[in-house]
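# Notes for the structure review
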Amino acid sequence: MFNNLGFNIPVIEGGFGENQKVMLAKTIAEIHGVTTPDINKLINRNITRLTQNDLIDLKNSQSSNDQQLLELDFTNMQISKSNNIFLLSERGYTKLVSMMDNTNEIKWQVMDKLIDEYFAMRAIIKSDEQLKAMAEIHEMELKKVNELINKNIDEFDLGLIF
């Protein structure tokens, strides 16, 4: 579990690559204070906007890899009634949040957090790029110093020979 915006969110890994966190539509519904059918309807209405990198329908998956992802018992009454059991990647969750009703307060908290984290990440990347550029400049300066030292040593050796 990890805590995000005051919610304890179960961490399920897999399905979209190694070490990728995923969330069930049921968990998303709980976080946003809506029903799972509401989230499923939102996903189904926008299914063309979501790719295989965004979500997997565990109940209707044709891929053997997806079937092996979770061994679910679909005999539970609510599960058997459901047409879909959606598992979303972080990318898929981000897209889904942007599709939610603007009156959902949690949506705006999530969007604010995503935006803040995005720009913080960009600042870190930019800082890292600046450090790499400085290291390259430093390395070039060291090469020049080494060339000068080697040139002076060669000239010194020549002076000793004559």
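## A short note on the environment of Lys26
Looking at where Lys26 falls in the secondary structure, it is placed in helix α1 (residues 25–32). C-alpha of Lys26 to C-alpha of Phe86: the two residues are 60 residues apart in sequence and 8.2 Å apart in space.

## Thoughts on the side chain of Asp57
Position of Asp57 among the secondary structure elements: in strand β5 (residues 55–57). Salt bridges are absent for the buried Asp57, whose nearest opposite-charge side chain, Lys59, sits at 8.0 Å. A polar contact is formed between the side chain of Asp57 and the side chain of Asn60, at a distance of 2.8 Å. Engagement of the side chain of Asp57 in a polar contact is seen with the backbone nitrogen of Ile85, the distance being 3.1 Å.

## Side note on the pattern of salt bridges
A complete count under the given rule lists 3 salt bridges for this structure. Here Lys26 and Glu30 are joined by a salt bridge, their closest N and O atoms 2.7 Å apart. Of this pair, Lys26 and Glu30 both sit in helix α1, 4 residues apart, roughly one helical turn. Here Arg91 and Asp54 are joined by a salt bridge, their closest N and O atoms 2.5 Å apart. With Arg91 in helix α5 (residues 90–99) and Asp54 in the loop between α2 (36–45) and β5, this residue pair connects regions lying 37 residues apart in the sequence. Residues joined in a network through salt bridges with shared partners are Asp54, Arg91 and Lys95.

## A look at α1
Burial within α1 is extensive, with 6 of its 8 residues counted as buried. Within α1, the full set of buried residues consists of Ala25, Thr27, Ile28, Ala29, Ile31 and His32. Gly33 sits one or two positions beyond α1 and adopts a positive phi of about 70°.

## Quick look at the packing of aromatic side chains
This structure, assessed with the given rule, holds 0 aromatic pairs. Note that Lys107 overlies the ring of Trp108, its terminal NZ or CZ placed 4.9 Å from the centroid.

## Describing the nonpolar core
Judged by nonpolar contacts, the single largest core of 18 residues is most densely connected at Ile28, Ile39, Ile43, Leu88, Tyr93 and Leu96. Taken together, the elements giving at least two residues each to this core come down to α1, α2, β6 (86–89), α5 and α6 (105–161). Counting residues per element, this core draws most heavily on α1, at 4 residues. Beyond its immediate stretch of four places on either side in the chain, Ile28 contacts Met23, Ile39, Leu88, Tyr93, Leu96 and Met100. Counting 6 residues, the second largest nonpolar core, distinct from the first, contains Phe16, Val22, Ile56 and Leu58.

## Focus on the pairing of β6
Residue alternation in β6 divides its side chains into two sets, Phe86 and Leu88 and Leu87 and Ser89, and both sets are buried. The sheet contact formed by strand β4 (residues 21–24) and β6 spans 3 bridges and is antiparallel. Bridged to Val22 within β6 is Ser89. Pairing geometry for β5 and β6, over 3 bridges, is antiparallel. Bridge pairing in β6 links Asp57 to Phe86.

## Focus: the confidence of the model for the chain
Within the chain, residue pLDDT values average 75, and 72% of them lie at 70 or more. By mean pLDDT, the top-scoring element of the chain is α2 (93), and the lowest-scoring one is helix α3 (residues 64–69) (46). Note that pLDDT drops below 50 for residues 64–75; the model gives that stretch 20 contacts with residues more than four away or on any other chain.

Conventions and cut-offs
- Residues numbered from 1 in each chain as written.
- Predicted model: local features only at pLDDT ≥ 70, side-chain atom pairs only at ≥ 80, totals over all residues.
- Heavy atoms only, no water.
- Helix = DSSP H or I, 4+ residues; strand = E, 2+ residues; numbered from the N terminus.
- Buried < 20%, exposed > 50% of the residue type's maximum accessible area, 1.4 Å probe, protein only.
- Lys, Arg positive; Asp, Glu negative; His and termini not counted.
- Salt bridge = Lys/Arg side-chain N within 4 Å of Asp/Glu carboxyl O.
- Polar contact = N/O pair within 3.5 Å; in protein donor to acceptor, adjacent residues only side chain to side chain.
- Phe/Tyr/Trp six-rings, centres within 6.5 Å; stacked < 30°, edge-to-face > 60°.
- Lys NZ or Arg CZ within 6 Å of the ring centre and 35° of its normal.
- Core = buried A, V, L, I, M, F, W, Y, C linked by side-chain atoms within 4.5 Å.
- Contact = heavy atoms within 4.5 Å.
- Pairing = 2+ DSSP bridges.
- pLDDT = per-residue confidence, 0-100.

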